[in-house]
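Per-entry structural report
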Amino acid sequence: MTDVAWQLLDPSTLEDPSHAEIGVTWGRGPLEEGIEETGALALALTALARQLERRVEVGPGRRGSVDVEIRLEADVCSLRSRGTVEELRAAWPRLPLLFDRPLVAEGLRPRELPPPRWVADVLARTGGTGYALQGRGGVGQGAYEAARRLLRELDPRTGTVGHVFWTDAPSLRGLIRASSARGPAAAPTTWASGEPCWRPGRAPGTEDGDRRLMISSGPTAEMVSVMLPRTAEGLAAAELLRGALAESLVSGDDEWNMISLHLEGMGEGLRAVLSTTTPVRSERRPPILEELLRRMGRLSDGWIATVLADSAAPAWLERGRRARGMGPEPVPSVAGVRRALEEAGRSIHLALGPSLLDFAAHRRLLEIPESGPAQPDRTEPERVYQVSARGRRRGGTDPSTRVRLARSTLAVEDSTTGRATEAVDLRDLVAVLISEHGTRRLIDRAGTEVVVRHRDLDEGEQLDRYLTHALRRVPHLRFTDDGPTAHPAVTARRRTRGVLVSLGTILAIVGAIVLLGSGPGSEDPAGDDGAGPAGLTPGPEDAWSRQHLRWDESAELSNGTLITVSRPAPQPIPEDTEIRDHRVDVTLCGGAPSEGLRMGGEPVRPIDQNLVRTTGFAMYTGSHAELPAVEGPAPSDTLQPTTLEDGECTSGAVWFHGVSGDDPRVGYRNDVGDSITWSRDGGG
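Everything numeric here is computed off the predicted structure, so don't read it as measured data.

1. Focus: the packing of helix H1 (residues 40–52) against helix H4 (residues 143–154)
- Remark: H1 packs on H4, axes separated minimally by 8 Å, with the N-to-C direction vectors making an angle of 60°. With respect to H4, the element H1 is oriented oblique. Of the two possible hands of crossing, H1 and H4 adopt the one that is right-handed. Along its contact with H1, which presents Ala40, Leu41, Leu43, Ala44, Leu45 and Leu48, the element H4 presents Ala143, Tyr144, Ala146, Ala147, Leu150, Leu151 and Leu154.
- Residue composition of the contact of H1 with H4, grouped by class: 13 nonpolar, no polar and no charged.

2. Examining the pairing of strand S23 (residues 546–550)
- Burial of S23 is extensive: 4 of the 5 residues sit out of reach of the surface.
- Bridge count between S23 and strand S35 (residues 675–679): 5 bridges; the pairing is parallel. In the sheet register, His548 faces S35, and the bridge partner there is Thr677.

3. Side note on the packing of aromatic side chains
- Using the criterion set out here, one finds 3 aromatic pairs in the structure.
- An angle of 70° between the planes, with centres 6.3 Å apart, marks the rings of Trp26 and Phe99 as edge-to-face. Residue Trp26 is found in strand S2 (residues 19–26), and its partner Phe99 is found in the loop between helix H2 (85–91) and helix H3 (119–126); the two are separated by 73 residues along the sequence. When sorted by exposure, Trp26 lands in the same class as Phe99, which is buried.
- Over the face of the ring belonging to Trp166 we find Arg319, whose NZ or CZ atom lies 4.0 Å from the ring centre.
- Sitting above the plane of the Phe479 ring, Arg441 keeps its charged end 4.8 Å from the centroid.

4. Quick word on empty space enclosed by the protein
- Within this structure, the stated rule accounts for 2 cavities of 30 Å³ or more.
- When its volume is computed, the largest cavity comes out at roughly 40 Å³.
- Lining the largest cavity are Arg125, Thr126, Trp191, Pro196, Trp198, Asp210, Met227 and Met266.
- By residue class, the composition of the lining of the largest cavity is 5 nonpolar, 1 polar and 2 charged.
- Taken as a whole, the second largest cavity encloses approximately 30 Å³ of empty space.
- For the lining of the second largest cavity, the elements supplying multiple residues, two or more each, are strand S10 (222–229), helix H5 (232–251) and strand S12 (269–276).
- Examining the composition of the lining of the second largest cavity, we find that 3 residues originate from one element, S10, more than from any other.
- Within the lining of the second largest cavity, the residues separate by chemical class into 7 nonpolar, 1 polar and no charged.

5. Description of the sheet that holds strand S18 (residues 422–425)
- A sheet is described by the order of its strands in space; here 4 strands give the open sequence S15-S16-S17-S18, paired in antiparallel fashion. Taken across any chain shown, the strands that pair with only one partner, and hence form the sheet edges, are strand S15 (383–386) and S18. Here the average twist between neighbouring strands, direction ignored, is 15°.
- Sheet topology note: the S15/strand S16 (residues 402–405) ladder contains 4 bridges and is antiparallel. Its bridge partner lying in S16, Val384 is registered against Arg404.

6. Quick look at the side chain of Thr561
- Counting through the fold element by element, Thr561 comes out in the loop between strand S24 (554–556) and strand S25 (562–565).
- Here Gly591 takes part through its backbone nitrogen, which lies 3.1 Å from a polar atom of the side chain of Thr561.
- Within the local environment of Thr561, its side chain forms a polar contact with the side chain of Asn610, the two groups lying 2.6 Å apart.
- Once you skip the residues sitting within four places of it in the chain, Thr561 turns out to touch Ala555, Glu556, Cys589, Gly590, Gly591, Gln609 and Asn610.

Conventions used here
Residues numbered from 1 in each chain as written. Predicted model: local features only at pLDDT ≥ 70, side-chain atom pairs only at ≥ 80, totals over all residues. Heavy atoms only, no water. Axes fitted to C-alpha atoms, helices over the stretch in contact; angles between N-to-C directions. Helix = DSSP H or I, 4+ residues; strand = E, 2+ residues; numbered from the N terminus. Parallel < 35°, antiparallel > 145°, perpendicular 65-115°, else oblique. Left-handed = near helix turned anticlockwise from the far one by under 90°. Contact = heavy atoms within 4.5 Å. Nonpolar A, V, L, I, M, F, W, Y, C, P; charged D, E, K, R; others polar. Buried < 20%, exposed > 50% of the residue type's maximum accessible area, 1.4 Å probe, protein only. Pairing = 2+ DSSP bridges. Phe/Tyr/Trp six-rings, centres within 6.5 Å; stacked < 30°, edge-to-face > 60°. Lys NZ or Arg CZ within 6 Å of the ring centre and 35° of its normal. 1 Å grid on protein atoms, 1.4 Å probe; cavity = no way out; pocket = protein on both sides within 12 Å on 5 of 7 lines; lining within 4 Å. Points joined across faces, edges and corners; volume = space filled by probe spheres on them. Polar contact = N/O pair within 3.5 Å; in protein donor to acceptor, adjacent residues only side chain to side chain.

On their own, these measurements won't tell you what the molecule is for.
Given below as structure tokens:
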């Protein structure tokens, strides 16, 4: 039984003597958080941090506050503050008084946290846990109740979770004391997923996540991960592996690449991830990693002793061991480092696809089993869902998206993937994240994630019903879809169109000046493609658009309304004259209720783009002169005014009278500001 422990950091590192650091680390991490409780630790720490950040009295008539940083690592969690000594002394003594308060309300949202390094590797080693889903904004159905329970377990006075306070200011050491003594909880043997925890000296089984493995996870900066003892010997082994990888890069003519080493505790072990600052191309990886395996087995005792002598155990290593209830470290030795390197060899994971391996040149690599993302089985029947007109109008989904549903996989392809689809294994899903709008993010054990917005797909309701039933036993998390309303591909297309349209506007103005003296003509309301007054171009929030189309091409408005216009048909007349009636056949199919802004900045009415009016159409000669509209010979054949429902279509003729010339155009305009032009070549 031990009292609350304090760790005093080296005060010589202080940049400003009036400022200090204080924090607490608990021996509980998101690896011990089940999928259904994902976000519980983040909620609990967020609630504590918000209370600690409240303003406090720091002197007569003076108030101050501190910022509190939340850290969630694999198997520990921490709160940390840096500020003036007087602010820390006033704020942090409140911490023990917070744990029995109702801090976790249902509306509380956890602070954003970074995802783990190399998620595919985390999933391979530890399975589906809250840690693998960290950084995705998901909150499990049981997270709020679990967070309230965690607050009681984290209480430094009466809780069951080990903890360590630390500071770099001697005057703050002992600022918080426990009201009772208690011992740390027993070390777990499995993580929340049921995957066994790594232990030194235990040979991994053929199906264990810590066995040797090649992980094919696409372009990535990560190269290698290994498991090492959570000791100074493990740290030295990690540095030796960094050096071996650096030499392997030199042998592969990549000597200028830099290597980063990421370390994090996982029970009795350390996961070490080696990455390069510039990702190594797939075809260059096999010889580099083959060389790394060769060098790992040829490290001399002298070199190991040199690295060990230069290694100093960081404060976070000791703090994590103490918070997890681990005993004293063994005295570091060359033999201990060599044993750690053997553990690394038994648990190594390589970021490498097996398709590039050569039997003669990569024999060591070929001995390692592989794991990779799901591949659609082309022999299985599949159903393909494409983006609907309404989905294209919303802009949240890449218009080229295709969702391919088969019995065992679901694949999504778009303009960024082409046929190289991202596919998840429906039989091995870790979790489904679903937003209040119905957007689903499916994540499988390989770490692949696909996003499905069924509301943007043709017959998406059918897909929604199928997924609701088929995935009913997969853990579901809620997330808030706060991303951009427009997909990047849609935004890029709009920006490109805006640039081209602005150029078209300039050319149209020059053309109008040239033609000004050629005869009378009226202003052309549809003579620019994408630019409004003063070169204005529609943004993602605007409902209006500018389009130039060829005859019989369909214009799609932002709400999904489709308008098709035929080439004007001159009507026969008895006398030899060019002045005649012209018939234009028009078809309109209604879209969803309009959303967004008009050209003038006012909100649109829901019916604006579904109104059918003959006065919305105009005909122009090649010299930009407008022909007057007239009544047709058969009223029953004329386009009738109406308001269309979503998916409802109507057709009819619009009539004009005059001399059309050789290159007539037809324009359409509405109250929203849409301006569409049809002509022979689709030009302005």
